[in-house]
Amino acid sequence: MLKVTILGCGGSGGVPQIGGEDGRGWWGACDPANPLNRRTRSSILVEGAGAGRLLVDTGPDLRTQMLACGVPGADAILYTHDHADHVMGLDEIRILNRLAGRPLEAFGMERTLSILRQRFDYAFLPSTAPHFFRPAVEPVRLDPGETVEMAGHQVETFRQDHAVMDTLGLRIGAFAYSTDLVRLPPDSLARLHGLDTWVVGCFQRRPHKVHANLDQVLEWVDVLKPRRTVLTHMSPDLDHGWMRAHLPPGVEPGHDGMVLDLPG
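Residues numbered from 1 in each chain as written. Predicted model: local features only at pLDDT ≥ 70, side-chain atom pairs only at ≥ 80, totals over all residues. Heavy atoms only, no water.

By the naming in an unreviewed UniProt entry, the protein chain is Metal-dependent hydrolase, taken from Roseomonas fluvialis.

Shown next, in the form of structure tokens:
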């Protein structure tokens, strides 16, 4: 079995966002009484099927997410792109290094790894094992379209259009993850047929310049027909209860801590 944990399913500002009339957060259309509307920044953990733990992105909420979900460590990291809400928890890798007893492989596109090296140059220096007083990663460059072994998983990658840059989507067996995209190139869409479960970014109901909206995602689902589609990277525009009442069968909102079990 393959186990996927949604560590966080929020957009770049999370839900609630900082602000609100009382300073306790701006919820938008989301009902603050529903705990499933409380969203940290988007990230997942893939494990099982006789392989290790693959962490996808290290957002600013990483420490809180891993503690909340009871994650004891990670064996490798895949970065979808270099936007801050997906990378700014990189310093937490220091503790993951201590748990693993080694530097962690960090997979990503050339641009992503280059930006990470600029922002977190100290993480790319020789490791300080066994104490790891700074994070230590071993960068592994890949191009979209490659299939690469990561933490024992065979990961098929594909290109996504985020308008301002390309992002990396991934498929492992009958599972796929697509965050931060507004368009899917035809060759990438073709890689997503025959899915059991697709976790896909859906930012809001109305159109957005760099993120897919609900109508776009439903059009993709109509073409691909996965058994189950779980929405992620959601803004305060998307209330969990509203989505439960209005989404078609087979499509549902994700929530922080959600666990998906799939055939290996």
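For Arg-111, the position within the fold is in helix H4 (residues 110–119). Looking at Arg-111, the relative accessible area reads 45%, which means it is partly exposed. When the C-alpha atoms of Arg-111 and Trp-27 are compared, they prove to be 34 Å apart, with 84 residues separating the residues in sequence. (Helix = DSSP H or I, 4+ residues; strand = E, 2+ residues; numbered from the N terminus. Buried < 20%, exposed > 50% of the residue type's maximum accessible area, 1.4 Å probe, protein only.)

The next point concerns the pattern of salt bridges. Under the definition given, this model contains 15 salt bridges. The residue Arg-191 makes a salt bridge to Glu-156 at a minimum N-O spacing of 2.7 Å. Of this pair, Arg-191 sits in the loop between helix H5 (186–190) and strand E11 (197–201) while Glu-156 is found in strand E8 (residues 153–161), placing the two residues 35 residues apart along the sequence. Each of Lys-3, Glu-47 and Arg-53 takes part in salt bridges that share partners, so that together they form one network. (Salt bridge = Lys/Arg side-chain N within 4 Å of Asp/Glu carboxyl O.)

Turning our attention to the pairing of E11. Extensive coverage of E11 is indicated by the burial of 5 of its 5 residues. Alternating residues of E11 divide into Thr-197, Val-199 and Gly-201 and Trp-198 and Val-200, and every residue in both groups is buried. Relative to E11, strand E10 (residues 175–178) is paired through 4 bridges, and the arrangement is parallel. What sits directly across from Phe-175, in E11, is Thr-197. The pairing of E11 with strand E12 (residues 228–232) spans 5 bridges and is classified as parallel. (Pairing = 2+ DSSP bridges.)

Once that is clear, we can look at the packing of aromatic side chains. Inspection of the entire model under this criterion finds 2 aromatic pairs. With centroids separated by 6.3 Å and ring planes inclined at 75 degrees, the aromatic side chains of Phe-120 and Tyr-122 adopt a geometry described as edge-to-face. Ring centres of Trp-198 and Trp-220 lie 6.2 Å apart, and the angle between their planes is 50 degrees; this geometry places the pair in the tilted category. Highlighted residues: Trp-198 in strand E11 and Trp-220 in helix H6 (residues 214–224), separated in sequence by 22 residues. Exposure class is identical for Trp-198 and Trp-220. Each is buried. (Phe/Tyr/Trp six-rings, centres within 6.5 Å; stacked < 30°, edge-to-face > 60°.)

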